[in-house]
Amino acid sequence: MAVDMTQSTTQDPRQQTAESLAEYLAAALTADLAASPEARALLVVSGGSTPKPLFAALRDKPLDWSRVDITLADERWVSEDADDSNARFVREHLLKGAAAAATFHPLTSAEAEPEAGCGEVSARIAALSWPASAVILGMGGDGHTASLFPDGDRLQEALTSRDCCVPMRAPSVPQARITLSLERLRQTRRTVLHLTGTDKQAVLSRALGDIEAVSELPIRAFLSAPLALYWAP
């Protein structure tokens, strides 16, 4: 596991970590786009508050954004203009400046429920340029990542399915969700775990131990493969 935990006495450590990760991602996208003139690069991002400074640091990096596809690791099944929509968050904070030329692929459809719309979304996302250049994951205090919740009604399906996307409902969250499956999230050249806060550090330490099953701390499903960790207090 590669770890970036450097801190500066003159810069906020979360900002510094975000900028360091932005440099890493820009270099990764540039390298993958250089494979051929027709190549496209896929970036899978997460929502929540943690990526906001990362998106601000990444969006003006000098690369050919017109050849970059962006999608989400998971989404609430809400309209794209809802306050808690991850798609809205990406449009407001990442798809600006140079990155406005990228193509964004949302994880929702016109269907009222994720169970009805999942097939359409899966087909759309499966058609992108896999493997992804990078998948950026976050983690909740309960050890979930994407919408792989310990109390999710379809957690085992999401951990074992060959489908691209899986609908998810959990008592711990108010809205129905859709998530990329574990197999799809693993289809990437680079996996990044971007965390902030000592509370998340404690949860990750638990997950790195050999106590809980993946179903109890779903982030553990990603810890046995190469992973770049970017953390700041």
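Owing to the predicted nature of the structure, the values given are computational and were not obtained by experimental measurement. (Residues numbered from 1 in each chain as written. Predicted model: local features only at pLDDT ≥ 70, side-chain atom pairs only at ≥ 80, totals over all residues. Heavy atoms only, no water.)

**Quick notes on the overall build of the chain**
Applied cut-off: Every helix listed is a DSSP run of H or I at least four residues long, and every strand listed is a run of E at least two residues long, numbered separately from the N terminus. Only the C-alpha atoms count toward the radius of gyration. The rule for a globule is 2.2 Å times the residue count to the power 0.38. Note on classification: 1.4 Å probe, protein chains only; a residue is buried when its accessible area is under 20% of the maximum for its type, exposed when over 50%, partly exposed between these limits. In this description, contact between two residues means that some pair of their heavy atoms is separated by no more than 4.5 Å. His is not counted, nor are the chain ends; Lys and Arg add positive charge and Asp and Glu add negative charge. Charge positions come from single atoms, namely NZ of Lys, CZ of Arg, CG of Asp or CD of Glu.
Each helix and strand counted, the chain has seven helices and 10 strands in total. In summary, the chain has a C-alpha radius of gyration of 17 Å against a globular reference of 17 Å for 233 residues, a match within 12%. In terms of its C-alpha atoms, the chain occupies a principal-axis envelope of roughly 40 × 40 × 35 Å. Residues counted as buried form 55% of the 233 residues belonging to the chain. Sequence separation of 24 or more characterises 72% of the internal contacts of the chain that already satisfy a separation of 6 or more. Distance between charge centres in the chain, computed from 22 positive and 30 negative side chains, equals 3 Å.

**Notes on the packing of aromatic side chains**
Spelled out, the test is: Pairing of aromatic rings covers Phe, Tyr and Trp, the last counted by its six-membered ring, and requires centre-to-centre distances within 6.5 Å; plane angles under 30 degrees mean stacked, over 60 mean edge-to-face, and any other angle means tilted. In our convention, an over-ring charge means Lys NZ or Arg CZ found within 6 Å of a ring centre and within 35 degrees of that ring's normal.
Applying the stated rule across the entire model yields two aromatic pairs. Aromatic pair Phe-55 and Phe-89: ring centres 5.6 Å apart, planes at 50 degrees, arrangement tilted. Note that Phe-55 is positioned in helix 2 (residues 52-58) and Phe-89 in helix 3 (residues 86-93), a separation of 34 residues in sequence. Exposure class is identical for Phe-55 and Phe-89. Each is buried. Lying across the ring of Trp-130, Arg-184 places its NZ or CZ 4.9 Å from the centre.

**Quick word on the UniProt feature "domain: Glucosamine/galactosamine-6-phosphate isomerase" (unreviewed entry) in the chain**
We count it as follows: UniProt positions are given in the numbering used here, feature names are shortened, and annotations may be inferred rather than shown by experiment.
In this numbering, the UniProt entry assigns the feature "domain: Glucosamine/galactosamine-6-phosphate isomerase" (unreviewed entry) to residues 15-224. Taken end to end, residues 15-224 is 32% helix and 16% strand, and its two terminal C-alpha atoms sit 28 Å from one another.

**A short note on the layout of surface pockets**
What counts, and what does not: Both cavities and pockets are sets of points on a 1 Å grid over the protein atoms alone; in a cavity a 1.4 Å probe fits but cannot get out, in a pocket the set is open with protein on both sides within 12 Å along at least five of seven lines, and lining residues sit with an atom within 4 Å of a point. Grid points are joined across faces, edges and corners, and a volume is the space filled by probe spheres set on the points. When residues are grouped by polarity, Ala, Val, Leu, Ile, Met, Phe, Trp, Tyr, Cys and Pro land in nonpolar, Asp, Glu, Lys and Arg in charged, and all others, Gly among them, in polar.
Looking at the largest pocket, its volume works out to about 350 Å³. Taken together, 19 residues make up the lining of the largest pocket; nearest its centre are Gly-47, Gly-48, Gly-138, Met-139 and His-144. Among the secondary structure elements, those contributing two or more residues to the lining of the largest pocket are strand 4 (74-76) and strand 9 (191-196). Estimated volume of the second largest pocket: approximately 200 Å³. Around the second largest pocket, the lining is made up of 13 residues, and of these Thr-188, Arg-190, Thr-191, Ala-225 and Pro-226 lie nearest the centre. Its residues placed into classes, the lining of the second largest pocket shows eight nonpolar, two polar and three charged.

**Description of the side chain of Arg-190**
Defined as follows: For the purposes of these results, a polar contact is taken to be a pair of N or O atoms within 3.5 Å, where, inside protein, one atom must be able to donate a hydrogen and its partner to accept one; residues adjacent in sequence count only when each atom of the pair is a side-chain atom.
For Arg-190, the location among the structural elements is in the loop between helix 6 (182-185) and strand 9. There is a polar contact of 2.8 Å between the side chain of Arg-190 and the backbone oxygen of Ser-133. Dropping the residues within four chain positions of it, Arg-190 is found in contact with Tyr-24, Ala-28, Asp-32, Ser-133, Ala-134 and Val-135.

**Things to note about empty space enclosed by the protein**
Sizing a probe to match a water molecule and rolling it over the atoms shows the empty space that remains. As enumerated under the stated definition, the model contains one cavity of 30 Å³ or more in all. Of the voids in this model, the largest cavity is the one considered here, and its volume is about 40 Å³. Every residue lining the largest cavity is listed: Ser-46, Thr-50, Pro-51, Ile-136, Leu-137, Gly-138 and His-194. Its residues assigned to classes, the lining of the largest cavity comprises three nonpolar, four polar and no charged.

**Points about the sheet that holds strand 7 (residues 165-168)**
Spelled out, the test is: Two strands pair if DSSP finds at least two bridges between them. Inter-axis angles, ranging from 0 to 180 degrees, are taken between N-to-C directions of lines fitted to C-alpha atoms, where helices are fitted over the stretch in contact.
Strand order in the open sheet formed by three strands is 4-8-7, and the pairing between neighbours is antiparallel. Each edge of the open sheet is held by one strand with a lone partner, namely strand 4 and strand 7. Direction aside, the axes of adjacent strands within the sheet are offset by 20 degrees on average. Relative to strand 8 (residues 177-180), strand 4 is paired through three bridges, and the arrangement is antiparallel. In the strand pairing of strand 8, Asp-74 is matched with Thr-179. Of the strands in this sheet, strand 7 and strand 8 are in contact with helix 4 (residues 114-126), which crosses strand 7 at around 155 degrees.

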